[in-house]
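Here's the letter readout for the chains.
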Amino acid sequence: MTRPTDIIVVPHTHWDREWYEPFQRFRLRLVALLDDVFDRMERDERQRFTLDGQLAAVDDYLEVRPERREQVIALVRAGRLAVGPWQILLDEFLCSGENIVRNLERGLTRSAELGGAMPVGYLPDMFGHIAQMPQLLAGAGLAHACVFRGVPDRVRTHAFAWQAPDGTTVRTEYLPGGYGNAAGLMDDAALVTRRATDLADRLGGWRSEGAGGPTLAMYGTDHAAPAPDAPDLLAAADVDGIRFRLGTLAEYFAAQPTTVDGLPTVRGELRSHARANILPGVISVRAHLKQAMGRAERRVERYAEPLAALWHDPSVQRFLDMAWTRLIDASCHDSVTGCGCDETAEQVAARLAEADQLGRAVCDLVGARLAAAVPRDGYLVFNPGPTARTALVRLDVEAPDGAAVGLAGADGTTVGAQVLDRARTLLADDLVPAVDLPGVLNRVHGRELYGQEVTRWSVSPADATLTFEVARHGDPAFDVADVRLALADAGRPDHWRVRIVAAPRLTVAALVDVPALGHAAVRPVPLPAGAAPVPGPVTVADRSLDNGLLRVDVAEDGTLRLSTPDGVTVDGVGRIVDGGDVGDSYNYAPPTADELVDKPRAVRTVVRHAGPLVAVVDVVREYRWPVAADVDAGSRAVDREAVVVTTRVELRSGERFARLRLEFDNRCDDHRVRLHLPLPSPARTSYAEGQFAVVERGLTAEGGGGEVPLPTFPASGFVAAGGADGALAVLLTQPTEYQLTDSGRELAVTVLRSIGMLSRNRHALRDEPAGPQLPTPSAQCRGERTVELAVLPFRGEWHGAGVTEAAEAYRHEPLAFAGTAQPSVALPTPATGLSVTGPGVALTSVRDRQGRVEVRVVAETPTDTGAVIGAGRVVRGAWRADLLGRPGERLSVDADGLVRLPLRAWEIATVQLDLA
């Protein structure tokens, strides 16, 4: 131990924006706290304060106290108040990598407006840290990180070198004892010297021999302000040979080197339980919030922003800004995690719904402008993927009854379509008293009737019948006054028969070729007799689905057998296991006497669609699950509830994976439901795609910090595992919890955790409470639950088997917009927006950056690679940019208009294009 001689004591508060109380109630406390702190700082220039590394607290305060803005700016510029660099303290595993980038970008920008950001990647209370965080911090110009949870046991000094998968390394400060390791230092004036001595001894144990510079002590805790007379109390501390001084976190790091020479190196994610609880149960609690986050992020990142950027519509930028505000706010480590009170969860769900709606609004606005060039019986299909694809699209088309339908493109090529559904044609057939006819006619609004438009109408006096014919597009000359006149001339029968007849409409599926991040137009046409068969047909025979790339057989117990042409076979996929959960929103805990239910009482299958483009079979299983658990007794209830779980199995032409959709009505409390997927061969490791990386994890987790280290882990894009006889990938649309079970023979994916307490004071798998013991009845997640994923059996390594590409295609379906031009207008030719190709190269965002198109990619591969970026128009210039969009090196554009970008393994790269 080397006892420090200089200790910088950092007064701060850790401000959970919302948690066991909702946002606005916590904000009331924030305003009172900061009023007091800023008053003190105005009176005493010795006062220092660090505001938790997040601008949200400042914004929330200034919205209520705008008159304090100039004081805040003056304090920041004077170096007495440290703010930023984050907009909000996020949960790194439950949002996308791009969300993390925008959070940091916004926090740094807003901090600069207030005088400057604290140049430290301060991450005090996240429940572990993603592998690529060092590269993200360095890319934003931050040379230091500061962390608490997730640090492995082998780190025995206060500083270590944290290395991202690409090799980027940042000097990282570990907070031994947490962000409040000096919290009680000045609670009692008579004990300051004694406590300061103890603090110096504790912190000295983390200093290496010969270490110079000051030592960091964090004086603060949750939602609390420092002692009003902290400068005087600290000055009175009399510890031989040690100088104590108040400072900000920025002042401490200004005195630290940025080099990592001689420091222990930790590579990749920080998810060890050795030093502190990382509370892994938040990954799966309130799963609907994780689903909503994934859905809204995809809508904004991969649909709305690319559409606006590539098709030049700056008018929607404010909508996108508002969407990102809500996405970033929802990413807070006590928000999307679901480990707060029910009111907090409701508010987070509302924000995510708004973000999704804003993203959809942008898609609708830009899509409608593009679709204005498409005839109104046609559709414009947008491909959000970075490569050209033949994608299955579902469209609502008008077609004669019984007619075979195809879709024709701009070049006249026709492809066959599969009919999925037929809409009702007789919308109404009522006998109406004559005196009520005016009320019936009042249902017509302009041309609109029952959601469609009037194309023709007739009045038949002979049988007293009034008929309206409706379709998607009506007769512009229609006037309901003409109908009134015709009825007046028809005599006065006592009753009229009123019929509303719709044009025959079909929901069809067809394969459409769409350029990369571009669009193509199609319209329905009658399919000629003897037309060529649909390529790559999908067939259903008895309980089997087959598309030539994958065969799925439904077993008697409702599980699936998957087999591929190259000999990979796996049985028992999709076994549903229900077990008790007497834990809380932070940690799972099984009852002492747990009874697992995995055998259905009854199984049946229903064929919904039999091909040739898409086959769908419902596997319906009935279970009897215990209705609840007795937490105190550690047992599950004797009473049972009948629960029907429907697994919809979908196999499409040309896809190597099967899509699964689970639906059930959760009528039980205090339980966990997992979907088990046996592997073709046992695995010792899993590979999970998350935030700009694919992370390798083993069968166990490092423990020691006060909770049982269950090896449950997060994945966002996919998780894959297997061995020499084959592997299985689970493709995902949102952050999901998984575990390798049965000694690596199965993957278990959590479908539901149903719990009723925010935190439990006594928890079988955790030593201490993680929060207040408050009931959270909504976290039981009663009602209809839906989970979607896909399963892909493959052979070889994940990075050579197209798993990343399959996950990209699964997550990003094409988007269709109805045409609005006259039927005589020809279909516009297909247009490429932007293409990004390269082995292992994944696209993460396309956005407008002050008139340039900014593209972010990551090399999700363990070997060096390269990206080739092209556009459907002239590229006038290309530049590399840093993570914050500041342009740097100019890139060459070859004769074909392509930008060739070499990439290190796992490198995140940002490129800006000036497009004609």
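Thresholds, definitions, all that
Residues numbered from 1 in each chain as written. Predicted model: local features only at pLDDT ≥ 70, side-chain atom pairs only at ≥ 80, totals over all residues. Heavy atoms only, no water. Helix = DSSP H or I, 4+ residues; strand = E, 2+ residues; numbered from the N terminus. Rg over C-alpha atoms; globule rule 2.2 N^0.38 Å. Buried < 20%, exposed > 50% of the residue type's maximum accessible area, 1.4 Å probe, protein only. Expected span 1.5 Å × (residues − 1). Arc of directions from axis to C-beta. Contact = heavy atoms within 4.5 Å. Axes fitted to C-alpha atoms, helices over the stretch in contact; angles between N-to-C directions. Parallel < 35°, antiparallel > 145°, perpendicular 65-115°, else oblique. Left-handed = near helix turned anticlockwise from the far one by under 90°. Nonpolar A, V, L, I, M, F, W, Y, C, P; charged D, E, K, R; others polar. Phe/Tyr/Trp six-rings, centres within 6.5 Å; stacked < 30°, edge-to-face > 60°. Pairing = 2+ DSSP bridges. Polar contact = N/O pair within 3.5 Å; in protein donor to acceptor, adjacent residues only side chain to side chain.

*Asks:* So what about the overall build of the chain? Which residues, and what values?
*Replies:* Along the backbone of the chain there are 14 helices and 51 strands. Here the C-alpha radius of gyration of the chain, 31 Å, is about what a compact globule of 916 residues would show, namely 29 Å. Each principal axis of the C-alpha atoms in the chain carries an extent, and together these give about 110 × 65 × 60 Å. When each of the 916 residues of the chain is scored for burial, the buried share is 59%.

*Asks:* Could you give me a rundown of helix H6 (residues 192–204), with the residues and numbers involved?
*Replies:* A rise of 1.5 Å per residue sets the reference length of H6, with its 13 residues, at 18 Å; its end C-alpha atoms lie 18 Å apart and thus fit the reference within 8%. Considered for burial, the residues of H6 that qualify are Val192, Ala196, Leu199, Ala200, Leu203 and Gly204. Buried residues of H6 fall within an arc of 125 degrees about the axis and therefore sit on the same side. The inward-facing, buried residues of H6 abut strand E1 (6–11), strand E8 (215–219), helix H7 (230–236) and strand E9 (243–246).

*Asks:* Go over the packing of helix H1 (residues 23–43) against helix H3 (residues 69–77) with me, naming the residues and quoting the values.
*Replies:* Relative to each other, H1 and H3 sit at 60 degrees, their axes nearing to 11 Å. Between H1 and H3, the angle falls in the class oblique. Between H1 and H3 the crossing geometry is left-handed. Along the contact surface, H1 presents Phe38, Met41 and Glu42, while H3 presents Gln71, Val72 and Leu75. Considered class by class, the residues forming the contact of H1 with H3 number four nonpolar, one polar and one charged.

*Asks:* Requested: an account of the packing of aromatic side chains, with residues and values cited.
*Replies:* By the definition in use, this model includes 15 aromatic pairs. Look at Phe148 and Tyr179: their rings are 6.4 Å apart centre to centre, the planes differ by 90 degrees, and that puts the pair in the edge-to-face class. Of the two residues, Phe148 sits in the loop between strand E5 (144–147) and strand E6 (159–163) while Tyr179 sits in the loop between strand E7 (169–174) and H6, which places them 31 residues apart along the sequence. Comparing Phe148 with Tyr179, the two get one shared label, buried. Ring centres of Phe718 and Trp798 lie 5.9 Å apart, and the angle between their planes is 45 degrees; this geometry places the pair in the tilted category. Placement of the pair is Phe718 in strand E38 (residues 718–723) and Trp798 in the loop between strand E42 (783–794) and helix H14 (803–811), with a sequence separation of 80 residues. Pair check on accessibility: Phe718 and Trp798 agree, each one buried. Taken together, the aromatic side chains of Trp15, Trp19, Tyr20 and Phe26 make up a single cluster linked through ring pairs.

*Asks:* An account of helix H2 (residues 55–64) is requested, with residue identities and associated values reported.
*Replies:* Of all 10 residues that make up H2, eight are buried, and the element is covered over most of its length. Residues of H2 that are buried: Leu55, Ala56, Ala57, Val58, Asp59, Asp60, Tyr61 and Leu62. Where H2 is buried, its residues touch H1, H3 and helix H4 (97–113).

*Asks:* Run through the pairing of strand E47 (residues 865–871), naming residues and quoting values.
*Replies:* As paired elements, strand E44 (residues 834–837) and E47 share four bridges and run antiparallel to each other. Pairing of Thr837 across the sheet is with Val868, part of E47. Looking at chain direction, E47 and strand E50 (residues 899–903) are connected through five bridges and run antiparallel. From the neighbouring strand, Ile869 faces E50, where its bridge partner is Val899.

*Asks:* I'd like a rundown of the environment of Glu702, residues and numbers included.
*Replies:* Considering the arrangement of structural elements, one finds Glu702 in the loop between strand E36 (694–697) and strand E37 (713–715). Look at Glu702 and you get partly exposed, because its relative accessible area is 35%. With 552 residues separating them along the chain, Glu702 and Gly150 place their C-alpha atoms 9.7 Å apart. Excluding anything up to four places from it in sequence, Glu702 contacts Pro152, Asp153, Ser272, His273, Ala274 and Pro709. A distance of 3.2 Å separates the side chain of Glu702 from the backbone nitrogen of Asp153, its partner in a polar contact. In this structure the side chain of Glu702 is engaged in a polar contact, spanning 2.5 Å, whose partner is the side chain of Ser272.

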